[in-house]
Amino acid sequence: DQQVKQNSPSLSVQEGRISILNCDYTNSMFDYFLWYKKYPAEGPTFLISISSIKDKNEDGRFTVFLNKSAKHLSLHIVPSQPGDSAVYFCAASARQGGSEKLVFGKGTKLTVNP
Amino acid sequence: SQTIHQWPATLVQPVGSPLSLECTVEGTSNPNLYWYRQAAGRGLQLLFYSVGIGQISSEVPQNLSASRPQDRQFILSSKKLLLSDSGFYLCAWSGFGTKSSTDTQYFGPGTRLTVL
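Quick look at the structure, then.

For the rest of this paragraph, the subject is the overall build of chain A. A tally of helices and strands in chain A yields 0 helices and 11 strands. Along chain A, from the amino end to the carboxyl end, the secondary structure elements read β-β-β-β-β-β-β-β-β-β-β. Taken over C-alpha atoms, the radius of gyration comes to 14 Å for chain A, in line with the 13 Å a tight globule of 114 residues would show. Expressed as a percentage of the 114 residues in chain A, the buried residues total 45%. Pairs at least 24 apart in sequence give 55% of the contacts found in chain A among residues at least 6 apart. In the form shown here, chain A has an accessible surface area of approximately 5,500 Å², with 48% of it arising from carbon and sulfur atoms. For chain A, the separation between the mean place of its 13 positive charges and that of its 10 negative charges on side chains is 3 Å.

And the structure:
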């Protein structure tokens, strides 16, 4: 059973526009959510996170939104740049449940066209 | 600052041969350590994690094993590789020393393993 789902395997946007990557989860115990960016043949790089006590966290061009009632989070990248082209992974953990593990989605490949 | 090292970067091994991948972390103490595998076109699969020296939790049954002989060293091994062991292996750590939550995991550069 996939607890973290990224239903769009790929997304293509124009440079300068907004990129919106979506992620859904099923486990109501999840209370910490993260986004990672991964280039081919490299390890994932941590981008931004959000705790379940918040509904928005912003860091430069990256903003993560959390809708707990819908069990949905999204990553907004504004403005999108060609260097943002990569695979983006959503991840979640149940910190209050004492879990040391992250559960990852399968990723969304973002392509930003010049 | 913290850094995580993995080696080798690439490895080509015949079926049935042994495997040893090493991961070390600098700049932190008592980290949680993780081994993941990313098969071609797939997501990240957690293989093992460790919360301390000699403490290993296995997530999936397989012919791989992990060991943590020192606080900041994590080793992934196999006695006999299978074709299905091919993939991109990633080590990660979490813990104290960064401005993010201690649950945030930071990944190494990865090892590309090809079993022929």
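Next comes the rest of the write-up.
The number of helices and strands found in chain B is 0 helices and 11 strands. Overall, chain B shows an N-to-C arrangement of helices and strands of β-β-β-β-β-β-β-β-β-β-β. What you see for chain B is a C-alpha radius of gyration of 14 Å, in line with the 13 Å of a compact globule of 116 residues. Seen along its three principal axes, the alpha-carbon backbone of chain B occupies a region of about 40 × 30 × 20 Å. Split into buried and exposed, the 116 residues of chain B put 49% on the buried side. Carbon and sulfur atoms provide 54% of the accessible area of chain B, an area that totals close to 5,400 Å². Charge centroids of chain B, computed over 8 positive and 6 negative side chains, lie 7 Å from each other.

This part is about the environment of Asp24 of chain A. Residue and element names in this part refer to chain A. Here Asp24 lies in strand β3 (residues 19-25). Residues Asp24 and Ile77, 53 residues apart in the sequence, show an inter-C-alpha distance of 18 Å. Discounting chain neighbours no more than four positions away, the residues touching Asp24 are Gln3, Val4, Lys5, Asn7, Lys71 and His72. Engagement of the side chain of Asp24 in a polar contact is seen with the side chain of Asn7, the distance being 3.5 Å.

Put simply, an interface is often sized by how much accessible area is lost when its parts join up. With 21 residues of chain B at the interface, the matching set in chain A holds 18 residues. A per-residue breakdown of the area chain B buries against chain A is headed by Leu44, Asp103 and Phe107 of chain B, which together make up 29% of the total. For the pair chain B and chain A, the interface holds 1 salt bridge. On inspection of chain B and its partner chain A, the count reaches 4 residue pairs in polar contact (both at pLDDT 80 or more).

Residue and element names in this part refer to chain B. If you walk across this open sheet you meet the 4 strands as β1-β3-β8-β7, and the pairing is antiparallel. Among the strands making up the open sheet, the edge pair consists of β1 (3-7) and β7 (64-70). Ignoring strand direction, the axes of neighbouring strands in this sheet form an average angle of 20°. Relative to strand β8 (residues 73-78), β7 is paired through 5 bridges, and the arrangement is antiparallel. Paired with Leu64 across the bridge in β8 is Ser78.

Time to look at the state of the cysteines. Using the criterion set out here, one finds 2 disulfides over all chains in the structure. In this model Cys23 of chain A forms its disulfide with Cys90 of chain A; the gap between the sulfur atoms is 2.0 Å. The sign of the -75° torsion about the S-S bond sets the Cys23 of chain A-Cys90 of chain A disulfide as left-handed. Note that Cys23 of chain A is positioned in strand β3 and Cys90 of chain A in strand β9 (residues 86-93), a separation of 67 residues in sequence. Using a relative accessible area of 0% as the deciding quantity, one classes Cys23 of chain A as buried. Residue Cys90 of chain A is classed as buried on the basis of its relative accessible area of 1%. What pairs with Cys23 of chain B in a disulfide is Cys91 of chain B, and their sulfur atoms sit 2.0 Å apart. Taking the torsion about the sulfur-sulfur bond, which here is approximately -75°, the covalent link between Cys23 of chain B and Cys91 of chain B counts as left-handed. Residue Cys23 of chain B is found in strand β3 (residues 19-26), and its partner Cys91 of chain B is found in strand β9 (residues 87-94); the two are separated by 68 residues along the sequence.

Rules and cut-offs
- Here the residue index of a chain counts from 1 through its sequence in written order.
- Chain A is the first chain written and ligand 1 is the first ligand written, with later ones labelled in order.
- Predicted model: local features are reported for residues with pLDDT of at least 70 only, side-chain atom pairs are reported and counted for 80 or more only, and whole-chain, interface and lining totals are derived from all residues.
- Derived side-chain values reflect all non-hydrogen atoms in the structure, with water molecules and hydrogen atoms excluded from consideration.
- Only DSSP runs of H or I with at least four residues qualify as helices, and only runs of E with at least two residues qualify as strands; both kinds are numbered from the N terminus onward.
- Based on C-alpha atoms, the radius of gyration is set beside the globule rule, defined as 2.2 Å times the residue count to the power 0.38.
- Buried residues are those whose accessible area, probed at 1.4 Å on protein chains only, stays under 20% of the maximum for their type, while exposed residues exceed 50% and partly exposed ones sit between those limits.
- Contact between two residues is taken to exist if any of their heavy atoms lie within 4.5 Å; hydrogens are not considered.
- Where accessible areas are quoted, they stem from the Shrake-Rupley method and a 1.4 Å probe; at the residue level, only the protein chains shown are allowed to cover.
- Working convention for charge: Lys and Arg count positive, Asp and Glu count negative, and His plus the chain ends are omitted.
- To locate a charge, the coordinates of NZ of Lys, CZ of Arg, CG of Asp or CD of Glu are taken.
- Between N or O atoms, a polar contact is any pair within 3.5 Å; within protein, one atom must be a potential hydrogen donor and the other a potential acceptor, and residues adjacent in sequence are included only when both atoms are from side chains.
- Buried area is a sum: the accessible area each of two parts loses on coming together, probed at 1.4 Å, counted once for each and added.
- One speaks of a salt bridge when a side-chain nitrogen belonging to Lys or Arg is within 4 Å of a carboxyl oxygen belonging to Asp or Glu.
- Two strands are counted as paired when DSSP detects at least two bridges linking them.
- To get an axis, a line is fitted to the C-alpha atoms, and for a helix only the part in contact is used. The angle between two axes follows their N-to-C directions and goes from 0 to 180 degrees.
- Pairs of cysteine sulfur atoms within 2.5 Å are identified as disulfides in what follows.

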